[in-house]
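Here is how the chains run, residue by residue.
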Amino acid sequence: MSVGFIGAGQLVHALVKGFSAAGVIATHRITASSPETDLSTATSLRKMGVNLTTSNKETVKRSDVLFLAVKPHIIPFVLDEIGPDIEERHLIVSCAAGVTISSIEKKLLQHRSAPKVMRCMTNTPVMVREGATVYATGMHADLEDGKLLEQLMSSVGYCTEVEEDLIDAVTGLSGSGPAYAFTAVDALADGGVKMGLPRRLAVRLGAQALLGAARMLLDSEQHPGQLKDNVASPGGATIHALHVMESGGFRSLLINAVEASCIRTRELQHLADQEKISAASIKKTTLKKVLQQPGVSGTGVAVRTGISLNSPSSKHK
Amino acid sequence: MSVGLIGAGQLAHALVKGFTTAGVIAAHRITASSPDTDLPTVAGLRKMGVNFTTSNKEATHKSDVLFLAVKPHIIPFVLDEIGPDIEDRHLIVSCAAGVTISSIEKKLLQYRAAPKVMRCMTNTPVVVREGATVYATGTHAEVEDGKLLEQLMASVGFCTEVEEDLIDAVTGLSGSGPAYAFTALDALADGGVKMGLPRRLAMRLGAQALLGAAKMLLDSEQHPGQLKDQVCSPGGATIHALHFLESGGFRSLLINAVEASCVRTRELQSLADQENISPAAIKKTTLDKVLQQPGISDTSVGTKNRVNLFNNRSGTKKV
């Protein structure tokens, strides 16, 4: 089985790092493409033994499972470009936040009668094989396709199937979650440094405390409140600390964060659905590189960025 | 090597679970003691195959490395009780927040010329072998003693030696840290549920996200701010969420928390140093159970909570 990635950025780098550490697929069976060759992640991918190309079409040809790992607003361009090259065997897995299965199926149906599409939301800790992934299965994808994707993603962390309408909420929680954690550890380390610890030790202890607590919760049947109670001895240091956190509305800030991320995801999806794709949404320098690829026709891609000569709207023929 | 634990509560239970899972010591070579047999953790310890006793003296006799895993205000009573039973081989490791090595050495010097004392601050995730432990070495403990403790504690998580004056700050950070995390996880799950996720899935995803991020940070040379930047794509969902956290002073709350825990730890230490140990500090029912243990004399323990007939200060009389 071969895996392809459209895109060669942070997410691709993290997934490939995780997959190869897990030994679930050999790097020479992975192809990644991006018109940008000077991404730092592209260099790392090459070093890992991945086949790196500037041609999305080449990636499609060389893969069975094809991950779409580009920014949401780039997805339509990519689908227009690779649509003609999708074969029966291809399983398309979109990792783009807010991009619906039906919007992808709609585009691909112009080229193929039963495109197998899945949608997943994962996160960067796949890099250390502790990712959190959910996926939803499109109309034409089978149970086996789901199992295949689950096998891949379980090798790099937790993975479960969900109904598609939950994916935006998952984005807000575990998609963005690592950023909340990095911010928290930075602040905890500041606290430790304020009270006299050297920075490195403070970062280490803060991260270890979070990791250990999360592991305890995952391994336990108990409620997080119960686990918190177990750490807070009467009149002790911990309950004093918890009080200042509650006084500042700590919990509320985290609920706000999950909500804000989820709402923004739905907003992005809504904008995409309206097909308000501005002509400027893809850089001319990038477009030029794409058009230079063998097999890419101007009509396939360029019509998205330029006003079509035949009609003022930028819709595909 | 045998390990003893004075105390059979949350920490003792977590340490034993971690040690036995790690295979660093067999359960039958561990003895834990507490006068209180009703603690739920006592049943857990028994099930693991640990020798449980109500006699602190017995735990002392049966151990080489002896952890003091009781609440800080109980430490003086325990030291008075087991002081006469400490031998040359014993390595005393206090896990009590805010209790200084010198206060422990001072007490034990009444019974022994060179008591080997160490002090550590650990945390409950030792139970899943992901603890965070620091330790400081006392006057009469050797480098080998430090290595021995480090070997034990490294089997259940991160462990490093520090100067003793850092330990209160460590208490505020990684000692209390798991409680901050459990609170955060509860709130994150609430957020997920608010946006439509079932509770179990929300909890699972929240915990997994924190775990994965922490692991990334530990495995990386990069600054947490750098890692945060990499998750925030332009105009995306994550940077919108972060703005909410910053607007609410999220970082400041965590700094406050670490500080509050550290300050309280120092407060408890200061109270203990003043030796203002109230007669009510130990329950009469508990004291009663302790006094029933073989080898305990009234004079060694009782003077701490009764007015001494010979003088009014609550100091220990030499036995």
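The paragraphs below set out a description of the structure included in this document. (Residues numbered from 1 in each chain as written. Chains lettered and ligands numbered in written order. Predicted model: local features only at pLDDT ≥ 70, side-chain atom pairs only at ≥ 80, totals over all residues. Heavy atoms only, no water.)

**Examining the overall build of chain A**
The helix and strand inventory of chain A stands at 14 helices and eight strands. Buried positions account for 56% of the 317 residues belonging to chain A. Counted over contacts in chain A with a minimum sequence separation of 6, partners at least 24 positions apart contribute 68%. Of the roughly 12900 Å² of accessible surface on chain A, 53% is carried by carbon and sulfur atoms. (Helix = DSSP H or I, 4+ residues; strand = E, 2+ residues; numbered from the N terminus. Buried < 20%, exposed > 50% of the residue type's maximum accessible area, 1.4 Å probe, protein only. Contact = heavy atoms within 4.5 Å. Areas by Shrake-Rupley, 256 points an atom, 1.4 Å probe, with all protein chains shown as cover.)

**Overview of helix H12 (residues 250–273) of chain A**
Because the α-helix completes a turn every 3.6 residues, residues three or four places apart line up on one side. In a regular helix each residue adds 1.5 Å, so 24 residues correspond to 34 Å; H12 of chain A covers 35 Å between its end C-alpha atoms and thus fits that length. Those residues of H12 of chain A lying buried are Phe 250, Leu 253, Leu 254, Ala 257, Val 258, Ala 260, Ser 261, Cys 262, Arg 264, Thr 265 and Gln 269 of chain A. (Expected span 1.5 Å × (residues − 1).)

**Considerations on the interface of chain B and chain A**
With 96 residues of chain B in contact, the opposing surface of chain A contributes 96 residues. Between the two partners, chain B and chain A, sit four salt bridges. With a closest N to O distance of 2.8 Å, Glu 259 of chain A and Lys 194 of chain B form a salt bridge. Applying the counting rule to chain B against chain A returns 14 residue pairs in polar contact (both at pLDDT 80 or more). Within the residue set of the side of chain B that touches chain A, elements represented by two or more residues are strand E7 (131–137), strand E8 (157–161), helix H7 (167–175), helix H8 (177–194), helix H9 (199–219), helix H10 (224–231), helix H11 (237–247) and helix H12 (250–273) of chain B. A total of 19 residues in the side of chain B that touches chain A trace back to one element, the largest contributor, which is H9 of chain B. Looking at side-chain class alone, the side of chain B that touches chain A contains 55 nonpolar, 27 polar and 14 charged residues. (Salt bridge = Lys/Arg side-chain N within 4 Å of Asp/Glu carboxyl O. Polar contact = N/O pair within 3.5 Å; in protein donor to acceptor, adjacent residues only side chain to side chain. Nonpolar A, V, L, I, M, F, W, Y, C, P; charged D, E, K, R; others polar.)

**A few points about the sheet that holds strand E3 (residues 51–53) of chain A**
Residue and element names in this part refer to chain A. The strand order across the open sheet formed by eight strands is E3-E2-E1-E4-E5-E6-E7-E8, and the pairing between neighbours is mixed. With partners counted over all chains shown, the strands left at the sheet margins are E3 and strand E8 (157–161), one partner each. Taken pair by pair, the neighbouring strands of this sheet meet at an average axis angle of 20°, ignoring direction. Sheet topology note: the strand E7 (residues 131–137)/E8 ladder contains five bridges and is parallel. (Pairing = 2+ DSSP bridges. Axes fitted to C-alpha atoms, helices over the stretch in contact; angles between N-to-C directions.)

**Side note on the sheet that holds E7 of chain B**
Pairing in this open sheet of eight strands is mixed, and the strands run E3-E2-E1-E4-E5-E6-E7-E8 (chain B) from one edge to the other. Single-partner strands in this sheet number two, and they are strand E3 (51–53) and E8 of chain B. This sheet shows a mean twist of 20° between the axes of neighbouring strands, independent of strand direction. Relative to strand E5 (residues 91–94) of chain B, strand E4 (residues 65–68) of chain B runs parallel, the two sharing four bridges. From the neighbouring strand, Phe 67 of chain B faces E5 of chain B, where its bridge partner is Val 93 of chain B. This element, helix H9 (residues 199–219) of chain A, spans E7 and E8 of chain B of the sheet and lies at about 155° to E8 of chain B.

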